[in-house]
Amino acid sequence: MKYLSICSISFINLISISLTFFLFSLYFLLNNMIYFIEWEVVSLNSLSIVMTFLFDWMSLLFMSFVLMIASLVIFYSKEYMSADENINRFIMLVLMFVLSMMLLIISPNLISILLGWDGLGLVSYCLVIYFQNVKSYNAGMLTALSNRIGDVALLLAIAWMLNYGSWNYIFYLEIMQNEFEMLLIGSLVMLAAMTKSAQIPFSSWLPAAMAAPTPVSALVHSSTLVTAGVYLLIRFNILLSNSWLGQLLLLLSGLTMFMAGLGANFEFDLKKIIALSTLSQLGLMMSILSMGFYKLAMFHLLTHALFKALLFMCAGAIIHNMNNSQDIRLMGGLSIHMPLTSACFNVSNLALCGMPFLAGFYSKDMILEIVMISNINMFSFFLYFFSTGLTVCYSFRLVYYSMTGELNCSSLNMLNDEGWIMLRGMLGLLVMSIIGGSMLNWLIFPYPYMICLPFFMKMLTLFVCIFGGLSGYFISLMKLFSLNKSLKNYNLTVFLGSMWFMPYISTYGMIFFPLNYGQIVVKSFDQGWSEYFGGQHLYQKLVNYSQILLFMHNNNLKIYLLMFVFWVLILFNFLLFF
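Residues numbered from 1 in each chain as written. Predicted model: local features only at pLDDT ≥ 70, side-chain atom pairs only at ≥ 80, totals over all residues. Heavy atoms only, no water.

Looking at the overall build of the protein
- Within the protein, the secondary structure is distributed over 24 helices and 2 strands.
- Viewed in the frame of its principal axes, the protein has a C-alpha envelope of about 115 × 75 × 65 Å.
- The 578 residues of the protein split such that 52% are buried.
- A distance of 11 Å separates the average location of the 22 positive side-chain charges in the protein from that of its 21 negative side-chain charges. (Helix = DSSP H or I, 4+ residues; strand = E, 2+ residues; numbered from the N terminus. Buried < 20%, exposed > 50% of the residue type's maximum accessible area, 1.4 Å probe, protein only. Lys, Arg positive; Asp, Glu negative; His and termini not counted. Charge placed at Lys NZ, Arg CZ, Asp CG, Glu CD.)

Here's what the structure looks like:
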């Protein structure tokens, strides 16, 4: 009898639950329904502890997408992690992660959100340090400590919610939106969301977390963990629309989008490029959310989850075949050696760029058109459109380095397109990356939208994308690259390529002075004066006195015997006295 592996069992269960949730979400969406389910956990005398779950189209649809991506990622891991002896442990960690995410999505209550939130943080730490080496440990520590700031903010928000009757924030948002306490809770929740979704100044952990296995990156760092912050703010969106919180978030998320787009154009690590692209898209979601369009943020969140998970999976297949090398300079001509993987890679890349009628186009194009008709300043407008151009720029740069030209890796290579289990997982997401955008577009919005703009503004998005793509390709061309004088400026390229020095600021910058003072304290006190007046000094004095006594005893027998008599007399007197 042949047993099913844990991967197959998980895949079948998750995909079936995902389909169920999807059908429920359609039913809820069409009938405009919201269900609150209250489960009384403990009832003792007059005390009752009640756990509330919120089911509406948003939570059900998001859960359905998370479960679908998780099921395909676990299926993909069956081959990708096949050399790992502890694959069962890996799958269990991924399942724990998905469960934490479920709890976060269906909670209208800050306490149960904190449970899911901390579950995400803890399991993501375990997954980032999965390949146990120094780089993984450093990345895991940076991830965990960055996210702890958000966890503390959430705990403070819970403490401030004691001013109200319960922790079910969803009941208080509309009534209390102009009160000081609610604004304070909103700002704390915004801080928590910014740490989890890696906005400036907490951006450095997301590229560092690429030390995790690629299936983890596909699930955690594309569709779930990093979007938890966006999802939480979608629930709190009323607080953002009428206050300074939204304006601050618009500035920070716009800068994040711009910074990540610039950084990706200077990066040579395949997974880090895709991580920075995720960061850029998170900035886009956050910025449109801060302007009050929460449905658009949700729409982009869902479409982005589809094509970004596919992009990570393709990157994983390429890294797997490149003998675990992630440097794009060593790739090239992959479209000849790995045609099916390259096709998936290019489709997901084009969806990311906003190629018409793929998944990313519907959400991205609508966001940019809404930005054009909104009352927005020039700086924010520039950030939106320039960042969109940069997205296409680094995508085409990536295509130039990996797909075109000659193969740059060693002549003894393992390139093939025969990983059928991985390919099946990727093809499942490929279909969704093509049809997902239009499907969601028809479902989420109650009536067909028509944004009326002048011809040039309507075409602006397309022009920006074409210009970005061409510049990305031409900048990367070796002939032009070697002539480019501006890239010779070492300081500028390092500044732009290292996310505006953010990884250094959030590691060395944070730790330098405390460590310095710590060294001074240890040197002056622990190993200095306290040793002099304490243990070492006392020990030295006792050694000196005992050496003097030893010298006397060794040289004069009479003194030795006399002192012996004295000791006996003292002891005798002591015993008599007591």
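Moving on from the coordinates now.
A short note on the domain arrangement of the protein
- By domain assignment, the protein separates into domain 1 (1-239), domain 2 (241-477) and domain 3 (536-577).
- Here the C-alpha centroids of domain 2 and domain 3 sit 85 Å apart. (Domains from an automatic or database assignment.)

Remarks on the pattern of salt bridges
- Evaluation of the coordinates by the stated rule reveals 5 salt bridges.
- For Asp151, the salt bridge identified is with Arg148, shortest N-O distance 2.6 Å. Taken together, the positions of Asp151 and Arg148, both in helix α5 (residues 134-160) and 3 residues apart, correspond to about one turn of that helix.
- Each of Asp118, Arg148 and Asp151 takes part in a single network of salt bridges with overlapping partners. (Salt bridge = Lys/Arg side-chain N within 4 Å of Asp/Glu carboxyl O.)

Examining the nonpolar core
- Counting 183 residues, the largest nonpolar core has Leu270 and Tyr384 as the members making the most contacts within it.
- Counting residues per element, this core draws most heavily on helix α13 (residues 294-321), at 19 residues.
- Counting contributing residues, this core receives three or more from each of domain 1 (1-239) and domain 2 (241-477).
- Once residues within four sequence positions are removed from consideration, Leu270 is found in contact with Ala315, Ile318, Ile319, Gln326, Ile328, Met331, Phe345 and Leu398. (Core = buried A, V, L, I, M, F, W, Y, C linked by side-chain atoms within 4.5 Å. Contact = heavy atoms within 4.5 Å.)

Here we look at the UniProt feature "domain: NADH:quinone oxidoreductase/Mrp antiporter transmembrane" (unreviewed entry) in the protein
- Per the UniProt annotation, the sites labelled "domain: NADH:quinone oxidoreductase/Mrp antiporter transmembrane" (unreviewed entry) are residues 107-390.
- Helix and strand shares over residues 107-390 are 73% and 0% respectively, and the end C-alpha atoms of the span are 36 Å apart. (UniProt positions renumbered as here; feature names shortened; annotations may be inferred.)

Digging into unusual backbone geometry
- A cis geometry characterises the amide bond from Ile200 onward to Pro201, with omega recorded as 5°.
- As for its placement among the helices and strands, Pro201 is situated in the loop between α6 (180-196) and α7 (205-208).
- Positive phi outside glycine occurs at Asn323, with the angle close to 60°.
- Assessed through its relative accessible area of 60%, Asn323 is described here as exposed.
- At Asn324, a position not held by glycine, the phi torsion is positive, near 65°.
- Tracing the sequence through the fold places Asn324 in the loop between α13 and α14 (334-337).

Things to note about the packing of aromatic side chains
- Enumeration over the complete set of coordinates arrives at 29 aromatic pairs.
- Aromatic rings pair up to connect Phe258, Phe382, Phe386, Phe495, Trp500, Phe501 and Tyr504 into one cluster.
- Directly above the aromatic system of Trp117 lies the positively charged group of Lys196, at a separation of 5.0 Å from the ring centroid.
- Just above the ring of Phe268 sits the side chain of Arg329; from NZ or CZ to the centre is 3.9 Å. (Phe/Tyr/Trp six-rings, centres within 6.5 Å; stacked < 30°, edge-to-face > 60°. Lys NZ or Arg CZ within 6 Å of the ring centre and 35° of its normal.)

A closer look at the pairing of strand β1 (residues 35-44)
- Here β1 pairs with strand β2 (residues 47-55) via 9 bridges, running antiparallel. Bridging across to β2, Leu44 finds its partner in Leu47.
- The antiparallel pairing of β1 with β2 creates a hairpin that spans 2 residues between the two strands, and Asn45 there sits at a positive phi of about 50°. (Pairing = 2+ DSSP bridges.)

As for helix α1 (residues 6-31)
- Given a rise of 1.5 Å per residue, 26 residues ought to cover 38 Å, and the 38 Å separating the end C-alpha atoms of α1 matches this to within 8%.
- Those residues of α1 lying buried are Ile6, Cys7, Ser8, Ser10, Leu14, Ser18, Phe21, Phe22, Ser25, Phe28 and Leu29.
- Taken together, the buried residues of α1 touch β1, β2, α2 (57-80), α3 (87-105) and α18 (420-444).
- Once α1 ends, the next one or two residues include Asn32, with phi positive near 55°. (Expected span 1.5 Å × (residues − 1).)

Let's talk about the environment of Ile234
- Topologically, Ile234 is positioned in helix α9 (residues 225-235).
- Measuring from C-alpha to C-alpha, the distance between Ile234 and Lys295 comes to 8.2 Å, with 61 residues separating the pair along the chain.
- If sequence neighbours within four positions are ignored, Ile234 has contacts with Met58, Leu289, Tyr294, Ala297, Met298 and Leu301.

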